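# Examining the three-dimensional arrangement
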Amino acid sequence: MMLPGRWLAAGATLAALCGGAGAAEVVLAGGDAVARMGRMVDTADGGVRFAYPGVSSFLRFDGRELVLDASTTGDSSYLDVIVDGTFAQSVHVPRGRAFHVLASGLPAGPHTVQVLHRSETWHGVVTLHGFTTDGHVLAPPALPSRRVLFLGDSVTCGEALERTPPGPKQPVWWNPRLSYGMLAGAALGAQVQLVCHGGRGLVRSWNGRTDEFNLDRFYELAIAAPDAPAPWHQQRYAPDLIVSAIGTNDFNGGIPDRTQYVDAYVAFVHTLLRDHPQARIVLTEGAILHGDKKAALTAYIAAVIARTGNPRVHHIPSRHYPGDAQDAHPTRDQHQQMADDLVPPLRQLMSW
C-alpha cells in the first residue's frame, strides 16, 4: 500500500515531527547504532549513500516516533518502511533534502524499523543523513549470518512487479522487497545483497550497447551511476552463495556470438571465484527468456561451467514466467513462484 507519509523540508522543526515536545535523540545513518544490508558509501558527515534496490538500514529504539533525514538526486526514489517486521508505508523521497516521519504513535517500548530502498540506480542516488526519535536508540539488531548475493537485471531489481494497470509504468511499481531474490533469501534465513541494473546484460545492454555498465562493471561498484560511479570493496561482504541471473538483455536483439559470450562469462566467473573463495556460485537463465534464446543461454551456461572446471560453480535452471498483458516482467505472484522454484535446490546445495 502506498501512503503519502508526513515530511518537512530540511530546516523545519523536528519537534513538530517527534511529538512536539521533549528531548529528541539523533543518530547518524552511518553510525554504529544502525545495522546495514547492501552496498553503501559512507559520507564525510556520517551519512550513507546508495543506489541499488533492496539496500536496507535497521534501527532499534525505545520510543513512539522515528523521523528520517534523507535526500536524493532524482525525482523517482522510494523507500519502504517496515516496523517490527510489518510493512508500514512507502515513502517518496523528493529531490533535495527533507525529514520523513517513518513511525508515529507507536506503543511505548522497543521497536525495530527497517528502511529499504525500493528504487533502481537510474531513479536516483539516495543519501540517509540520520534518524531522530522521541525516545532512546538501542543496540542495532543482529542480521543473519548467512549471506547471499544476487546478480542480475531488471527482474532481479523487482521492476514493475506491483503494477496497477491501466496506465504508463510508474516508479513506485518497483519492489525489490517482494522480488524472487529477497523472498528466497528470507526463506533461507539469509542476508541479501541485490546487485542489479535494468536493461543491462553480461556483454551488451538491451539495445545492443557495449559501452554501458554491464555486469562485469557494475559488479565492481557500490553506486553504478555513470556520472559519479563509486567503487565497492568486495571484502566488505563475503557471500556464502552467489546467484547470477543474467542474459535476458544480451539476447534481446538476437542470440549473441557463442565464443564471445562464453569467454566473457568464464572470465567473470573466475573473478567471482577469486573475490569470494568461500562462496558457491549458481548460474541461471532468469524468467523472461524462452524458446531458442533460452536454449542457447542454457547451452552457453553449460559451456561456462565445463570450462571453469570448478566444483563451486553450478547451474540451476529457471522456469519461464511470461508476465502479463501489461508487462513482460514477472508479476508479484510470479516472483513468489520463482522464489519457490529456487529455494529447494539452493537449500540442498548449501545444506541449509
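Here the structure is shown first, and the text comes after it.
Residues numbered from 1 in each chain as written. Predicted model: local features only at pLDDT ≥ 70, side-chain atom pairs only at ≥ 80, totals over all residues. Heavy atoms only, no water.

Attention shifts here to the packing of aromatic side chains. Evaluation of the coordinates by the stated rule reveals 7 aromatic pairs. Ring plane angle 90° and centroid distance 5.7 Å describe the contact between Phe150 and Tyr180, whose orientation is recorded as edge-to-face. With Phe150 in strand S14 (residues 146-152) and Tyr180 in helix H2 (residues 180-187), this pair connects stretches of sequence that are 30 residues apart. Summarising the burial analysis for this pair, Phe150 and Tyr180 share the class buried. Between Phe251 and Tyr261, the aromatic rings sit 5.7 Å apart at their centres with planes inclined by 75°, giving edge-to-face as the arrangement. On the criterion of sequence distance, the pair formed by Phe251 in the loop between strand S18 (241-245) and helix H4 (258-275) and Tyr261 in helix H4 is long-range, its members being 10 residues apart. Accessibility assignment for this pair places Phe251 and Tyr261 in one class, buried. A connected cluster of aromatic rings, assembled from ring pairs, spans Phe251, Tyr261, Tyr265 and Tyr300. (Phe/Tyr/Trp six-rings, centres within 6.5 Å; stacked < 30°, edge-to-face > 60°. Helix = DSSP H or I, 4+ residues; strand = E, 2+ residues; numbered from the N terminus. Buried < 20%, exposed > 50% of the residue type's maximum accessible area, 1.4 Å probe, protein only.)

Ranked by internal contacts, the top residues of the largest apolar core, which has 69 residues, are Leu128, Phe131, Leu151, Tyr261 and Tyr265. The biggest single contributor to this core is H4, with 8 residues. Non-local contacts of Tyr261, meaning those with residues more than four positions away in its chain, are made with Leu202, Val203, Ile246, Gly247, Asp250, Phe251, Pro256, Leu297 and Tyr300. Among the nonpolar cores identified, the runner-up in size contains 32 residues, and Val155, Cys157, Ile288 and Ala339 belong to it. (Core = buried A, V, L, I, M, F, W, Y, C linked by side-chain atoms within 4.5 Å. Contact = heavy atoms within 4.5 Å.)

Looking now at the environment of Ser90. Examined against the element boundaries, Ser90 turns out to sit in strand S9 (residues 86-93). Here Ser90 falls in the buried class, since its relative accessible area comes to 1%. Expressed as a C-alpha distance, the spacing of Ser90 and Asp80, which sit 10 residues apart in the sequence, is 4.4 Å. A distance of 2.5 Å separates the side chain of Ser90 from the side chain of Asp80, its partner in a polar contact. At 2.9 Å, the side chain of Ser90 forms a polar contact with the side chain of Arg118. (Polar contact = N/O pair within 3.5 Å; in protein donor to acceptor, adjacent residues only side chain to side chain.)

Turning our attention to the side chain of His329. With respect to the element layout, His329 can be found in the loop between strand S20 (313-315) and helix H6 (332-350). Within the structure, His329 has its side chain in polar contact with the side chain of Ser154 (distance 2.7 Å). Here Asp327 takes part through its side chain, which lies 2.6 Å from a polar atom of the side chain of His329. Setting aside residues no more than four positions away along its own chain, His329 makes contact with Ser154, Val155, Glu159, Arg163, Lys169, Ile288, Gly323 and Gln334.

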